[in-house]
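# Overview (structure and organization)
Next come the chains, spelled out residue by residue.
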Amino acid sequence: MWIEALIAVTLASAAAVFLAPNKVAGKLAFALSLLPLVGSLWMYSTYEASGNALLAGSELAFETNFDWVVAGPYSLSWHVGLDGISMPLIALTTVLTSLALLASWTPIDERQSQFYGLMLFLEASLLGVFSALDFFLWFVFWEMVLVPMYVLIGVWGGPRRKYAAIKMFVYTNIASLVMFIGFIALVFGLGDSVTSLDMPAIAQALRAGELGSLGPVGAGTLKVAAFVAMFAGFAVKVPVVPFHTWLPDAHVEAPTPVSIMLAGVLLKMGTYALLRFNFTMLPEVAQNNAPIIALFAVVSVIYGAMLALAQSDLKRIVAYSSVSSMGYVILGLVAYTLYGMGGATFQMVAHGLISGLMFMSVGVIYNTTHTRMVSDMSGLASKMPITVAVFVAGAFGYMGLPLMAGFAAELFIFLGSFGAFAGSVWFTAAAMFGIVVVAGYLLFAMQRTLFGDFEVETDYEVGPAAFHDVAPLVVLILLVILLGVDPSIFYDMIQNAVDPLVPATGGGV
Amino acid sequence: MAPLPFELTPAIAALPFVSFLIALFVGAFAPRLLPKGGAVPGILATGGSLLLSLWVMLTVSGGETYHEYVTWVAGAGEATFDLHLGVLVDPLSAMMLVIVSLVAFLVHIFSLGYMNDEGETGLPRYYAGLGLFTASMLSFVFADNLLMAFMFFELVGLCSWLLIGFWFRDDAPPSAAKKAFLVTRFGDYFFLVGLVGVFATFGTSMFVGGEGEGAIQSFPHIAEQVLAGEGAAEVTTYLGLDPQAWFAVLGLLILGGVVGKSAQFPLHTWLPDAMEGPTPVSALIHAATMVAAGVYLVARIYGFYALLPQVLALIAFVGGFTALFAATMGVVKREIKQVLAYSTISQYGYMMLGLGAGGYVAATFHLMTHAFFKALLFLGAGSVIIAMHHNEDMWDMGGLKDRMPVTYYTFLSGSLALAGIVPFAGFWSKDEILYEALVHGLNTPLLLAAYVMGLLAVFFTGFYTFRMVALTFHGEPRSDTARNPHDVRWNVKGPLAVLGILAAVAGVVNMLPVQKVLGVKNIDFLHQWLDSGPEALSAHHYGELLHDFAHYSAGTIGSGVTTVLLGAGLSLALALAGAGLAWKLYAVPDPEEHTDKLGGAKTVLFNNYYQDEYQVWLAEGLTLPLARAADKFDQGVIDGVVNGVSSVSLFGGSRIRRVQTGVVSNYAFLLTASFVVLLVVIGLVGGWF
């Protein structure tokens, strides 16, 4: 019952903060968010599980499974549980939420209780997404995430917040619909061999080849069609080029803490779902079309990085670089090797921390300078040394500096994808070139903004940031280094969970 | 149980890391508690590292070596591999540990004079950078596998970035730092591809194999077995290449990182810019150690390169070309550190030439002597720069000989070594490289071409070196600061003296020509040193590999002794000619520039053969416009389609809305019509008609 308790406490906290007066909402929300944080860390420390949540022969941690709605032979169940893929993401969610709440104290200065309440509501939904194992339940949480996100961008965002919020909501919602149709078609195709929406049951039936035809559509076509529908649906969330254009708009308009959650956790919903649905349930479709999927990955990496290079707004730079980094995840997943899939999952966590860190530092800079344009500022290092130091460390983390989390993740992905499928050597080598471009745009941006003579176009008084702004930055950079020095903190459990997905006679290493 | 000094090897890197942490945290939170801005912890730590390194070297000279590793990331299951971090102490790494920790120690002391005495601010940041650099570099040196080497290879790149950009309030240093990191990153990209390729091919990236059955083999050893067609070793090759060709591809990819870090053509452009950093940093990072990392890496996996004749030839050719190319650019520079920067590029070219030509020991020898004399020259230049109140233009100097004798005589010692004048250290090492290139080149035309370029470079080296000495120290002072230079203290003179002596005498460790000509036995100490240790990593074994796999064989001109004398005589004569010409032109009371006599070549040389221009164009003229075009495409086309879809639906919605007129009779009509259509369709499908 720990997962239920985690979600319930978070929801109750959200309600409490919603009703609290504006003045205390921020502090209260942060204090209450420590409950799920401590809870998830406790769960991590007592975590005992093996295997993949969706496959046979697995032992899940904190699992509960009971019938919820029963109608004849058909049932919906309340099924939650954690394996080595979801546990790290749960921890990531609680850590980032607490830090994002701390980072909200400075920039959020109106309707605080609603803002913080929605943030906690968002956290609860995310925890649900990463722990639910019944499709119906999962889909409810999946859609629940959109509601606070829409409001958070639409109310507390920048000048074009309405456009950005609607665009994000409509785009991802249509994507959910496409994905939903694809998945339900699969369930219908399974016929009466599966009478619930239980994801493990469906996954195992699909992998056992029990998929029949659906109307005039044969099983082979149905698989491919469902794969495409689900891939397209999740690709919007990741986002994979060319489905990415909602992301920079959403990031630029969203307030800092919302960007942190968006880049740090929400994007991982897309790759998490890809892993759980496409790559677990329809492995042969993925493997047969590996070069095509890898092409999407490589284009995301390189094209995303090129777009970042062209930007002059710090936040847009970081936003586009997320597109680039998430491309690596796709490349790792499609490799179907231990290092590839493990590295992809590890990259979800690593990128969550590092992109959260980058958005947070950009936010701290914005709080004092009131501008994010690269051309509007220079020499910040003289005025806010600690923030700049963390920004620099984070940027090098983004570039994949060894002994930081990003390097381990990217190394694993490259090790896993090299030679894993036809043409993979070229795809891997091409994707790796991203490490040069990312260094290019981050070094350019840092040189312009952080170094040289101090100057800010907006004429604000610039000084060291407040303690509660700097503290989360320091915590994040320490976490990034910790995971980089000892990846096995998460990587051991991740490997254990992705190992059953790796075909016994796969290519690569 | 390994001997105690071996057990303590990780502490060699850990000590400077602790000094980094002290400088970072005490410097940030309680700067007053930090003695000398972090210099004292740094000096103590690097001093400790030096003592430990010497102890380790002493133990290695007893014939013992050490290899221990831990699993960094364990791959689950049978089909995959683990990633390791480990310590490998053999003659090569022990020697390099001593070189790095010695230079780091001296540079820390020198920094007291260059940074503290000059009243610089931000000292904790400076010493933190130096500490982190020293720790990373030492870890790189004792790394036992390619992955660990890559990790610390990248970390020294970070430190280089931090320290080049130390004076971040000015415009030039951050820009130079960025360039240095980007250019080397470009090389490291190939290294990373090669590293991943090595794992995919061999399943390990170990430099040295373990003992006993089932132990991890080293990847050069596996490659050797595969190419020899013996043993049970199995490898996977890619791109449809046979092992020989695929190994060559891997070798070339790793070489990308080497070319970047060791500033070889065409990725040498970052090093002259890197002179924006403080001079002690240039001495430590951009002359003696980090730049050596590339060459050291090739030496470290020489067992792999020795199997690949084409790659070796390329290494030699790139090295010989770089040696000549950079030396010519050094001839016209006005600033003392610029001359030294191009000289560094050129000297690393020699090492690459030596490695490519099969002179493993020769290249390692030059790596050592160069570390001493180039660190010396940079520190000497630093001393001059202090004296000149941070004016680096040699045309403002002159006549400093009498005003700073310690600097002059040590600088002269380093210059003689650099120019390759007997009996200074550089003569012996450079001569051995050229000798190896010559004897192997007699049977391989490409190597001979590389040799000729290396030989020509000797003339230019002699010229630019003594042009620098003459302009700086001789003649009449050409500015007021040169007439009244700033004093330097013991902390500057001490390191100069130590290195000055080393630059003069370090050649004794390997006086091979003397041995060959006079027939004295056993004075080739470095050869013996590098022959000891694990068989698979010994110079002797590399010689066999070169012979068996790369088909290198030594030719002679006349007898062996004639060849030695001819080679040495030729290079000495060229060096003296170059030095003599420079002396005649510039060691006069009032020297002229003479550069106009070069005609059109002058412009080309001043512009460094336009190498910067095309690389900047690649970044700013090609990549950036491409990125902007991609951005336009993204905003216009991709996002345009997204917004277009929504506009179309909005428009469609507004049209369809007209159906809802609010008139009841219209609705009744639609209802009836739809019902009829539905009936007809159902009827058709159901087969009622």
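Source: prediction; values computed, not measured.

Cut-offs used in this document
Residues numbered from 1 in each chain as written. Chains lettered and ligands numbered in written order. Predicted model: local features only at pLDDT ≥ 70, side-chain atom pairs only at ≥ 80, totals over all residues. Helix = DSSP H or I, 4+ residues; strand = E, 2+ residues; numbered from the N terminus. Buried ≥ 20, exposed ≤ 12 C-beta atoms within 10 Å, placed from the backbone. Contact = placed C-beta atoms within 7 Å. Rg over C-alpha atoms; globule rule 2.2 N^0.38 Å. Axes fitted to C-alpha atoms, helices over the stretch in contact; angles between N-to-C directions. Parallel < 35°, antiparallel > 145°, perpendicular 65-115°, else oblique. Left-handed = near helix turned anticlockwise from the far one by under 90°. pLDDT = per-residue confidence, 0-100. Nonpolar A, V, L, I, M, F, W, Y, C, P; charged D, E, K, R; others polar. Pairing = 2+ DSSP bridges. Expected span 1.5 Å × (residues − 1). Core = buried A, V, L, I, M, F, W, Y, C linked by C-beta atoms within 7 Å.

Attention now moves to the overall build of chain B. Secondary structure summary: chain B contains 28 helices and 2 strands in total. Viewed in the frame of its principal axes, chain B has a C-alpha envelope of about 115 × 70 × 60 Å. Here chain B holds 689 residues, and the buried ones make up 57% of them. Looking at chain B alone, contacts between residues at least 24 apart form 79% of all its contacts between residues at least 6 apart.

Right, let's talk about the overall build of chain A for a bit. Scanning chain A from N- to C-terminus turns up 20 helices and 4 strands. Here the C-alpha radius of gyration of chain A, 22 Å, is about what a compact globule of 509 residues would show, namely 23 Å. If one aligns the C-alpha atoms of chain A with their principal axes, the spans along those axes are about 70 × 55 × 40 Å. Across the 509 residues that make up chain A, the buried fraction comes to 65%. If you take every contact in chain A between residues at least 6 apart in sequence, the share linking residues at least 24 apart comes to 79%.

Residue and element names in this part refer to chain B. Taken N-terminus to C-terminus, the directions of helix α4 (residues 91-116) and helix α21 (residues 490-505) make an angle of 150 degrees; their axes are 7 Å apart at the nearest point. Of the possible angle classes, the one that applies to α4 and α21 is roughly antiparallel. As for how α4 packs across α21, the hand of that crossing is left-handed. Residues L106, I109, F110, L112 and G113 of α4 touch α21, and the partners they reach there are N491, V492, G494, P495, V498 and L499.

By secondary structure assignment, the location of T472 of chain B is in helix α19 (residues 445-473). Setting aside its immediate chain neighbours within four residues, T472 of chain B contacts I336, V384, M394, M397 and L400 of chain B.

Let's shift gears to the confidence of the model for chain B. All names here are of chain B. Of all residues in chain B, 98% have pLDDT values of 70 or greater, and the mean over the chain is 90. At the low end of the mean pLDDT range in chain B sits helix α26 (residues 600-606), at 81; at the high end sits helix α6 (residues 146-164), at 95. Scoring the predicted complex yields pTM 0.93 and, for the interface, ipTM 0.94.

Moving on, we get to the interface of chain B and chain A. At the junction of the two partners, chain B supplies 44 residues and chain A supplies 45 residues. Looking at the side of chain B that touches chain A, the elements that each hand over two or more residues are α6, α7 (172-202) and α27 (611-656) of chain B. For the side of chain B that touches chain A, the element with the most residues is α7 of chain B, which contributes 14 residues. Tallied by class, residues from the side of chain B that touches chain A come to 25 nonpolar, 10 polar and 9 charged.

Our next topic: the packing of helix α17 (residues 424-432) of chain A against α7 of chain B. Two elements in contact, α17 of chain A and α7 of chain B, have axes whose closest approach is 10 Å; the angle formed by their N-to-C orientations is 145 degrees. Between α17 of chain A and α7 of chain B lies a crossing of right-handed hand. Contact with α17 of chain A, carried on its side by T428, A429 and M432 of chain A, involves Y189, L192, V193 and V196 of chain B of α7 of chain B and no other residues of that element. For the contact of α17 of chain A with α7 of chain B, a count of residues per class yields 6 nonpolar, 1 polar and no charged.

Attention now moves to the pairing of strand β2 (residues 74-82) of chain A. Residues and elements named next belong to chain A. In this sheet, β2 lies alongside strand β1 (residues 61-71) in antiparallel orientation, the contact comprising 8 bridges. In the strand pairing of β2, A71 is matched with Y74. Connecting β1 to the antiparallel partner β2 that follows it, the hairpin turn spans 2 residues, and G72 within it adopts a positive phi of roughly 65 degrees.

This part covers helix α9 (residues 243-261) of chain B. Taking 1.5 Å per residue, 19 residues should reach 27 Å; α9 of chain B reaches 27 Å between its end C-alpha atoms and fits that length. Looking one or two places after α9 of chain B, you find A263 of chain B, whose phi comes out positive at around 55 degrees.

Within helix α20 (residues 488-498) of chain A, 8 of the 11 residues are buried, which leaves the element mostly enclosed by the surrounding structure. On its buried side, α20 of chain A packs onto α3 (86-102), α14 (338-369) and α19 (467-485) of chain A together with β1 (66-73) of chain B.

A few words on the environment of S196 of chain A. Residue and element names in this part refer to chain A. Assignment of secondary structure puts S196 in the loop between α6 (161-189) and α7 (199-207). Residues S196 and P487 lie 291 residues apart in sequence; the distance between their C-alpha atoms is 37 Å. Residue contacts for S196: discarding those within four places in its chain leaves Y74, S75, L76, S77 and A201.

What follows concerns the nonpolar core. A general trend in soluble globular proteins is that nonpolar side chains are found buried together. Core analysis: the largest hydrophobic core is formed by 466 residues, its most contacted members being L331 and V334 of chain A together with V103, V295, F372, A375 and A503 of chain B. Ranked by residues supplied to this core, first place goes to helix α16 (residues 360-387) of chain B with 20 residues. With near-sequence residues (within four places) excluded, V295 of chain B lies in contact with S262, Y348, M351, M352, L355, A363 and L367 of chain B.

Quick look at the environment of K223 of chain A now. All names here are of chain A. On the secondary structure map, K223 appears in helix α8 (residues 219-237). With 21 C-beta atoms counted inside 10 Å, the residue K223 sits in the buried group. Ignoring anything within four residues of it in the chain, the contact list for K223 reads L211, L282 and V285.

It is worth spelling out unusual backbone geometry at this point. Put simply, V241 of chain A and P242 of chain A share a cis peptide bond, and its omega is 10 degrees. Structurally, P242 of chain A can be placed in the loop between α8 and α9 (246-253). Cis rather than trans, the peptide bond between V422 of chain B and P423 of chain B has omega equal to 0 degrees. When you line up the elements, P423 of chain B lands in the loop between α17 (405-419) and α18 (425-441). In this model, H370 of chain A sits at a positive phi of 60 degrees, which is unusual for a non-glycine residue. By the element assignment, H370 of chain A lies in the loop between α14 and β3 (377-378). Although it is not a glycine, H389 of chain B sits at a positive phi angle of roughly 55 degrees. Among the secondary structure elements, H389 of chain B is positioned in the loop between α16 and α17.

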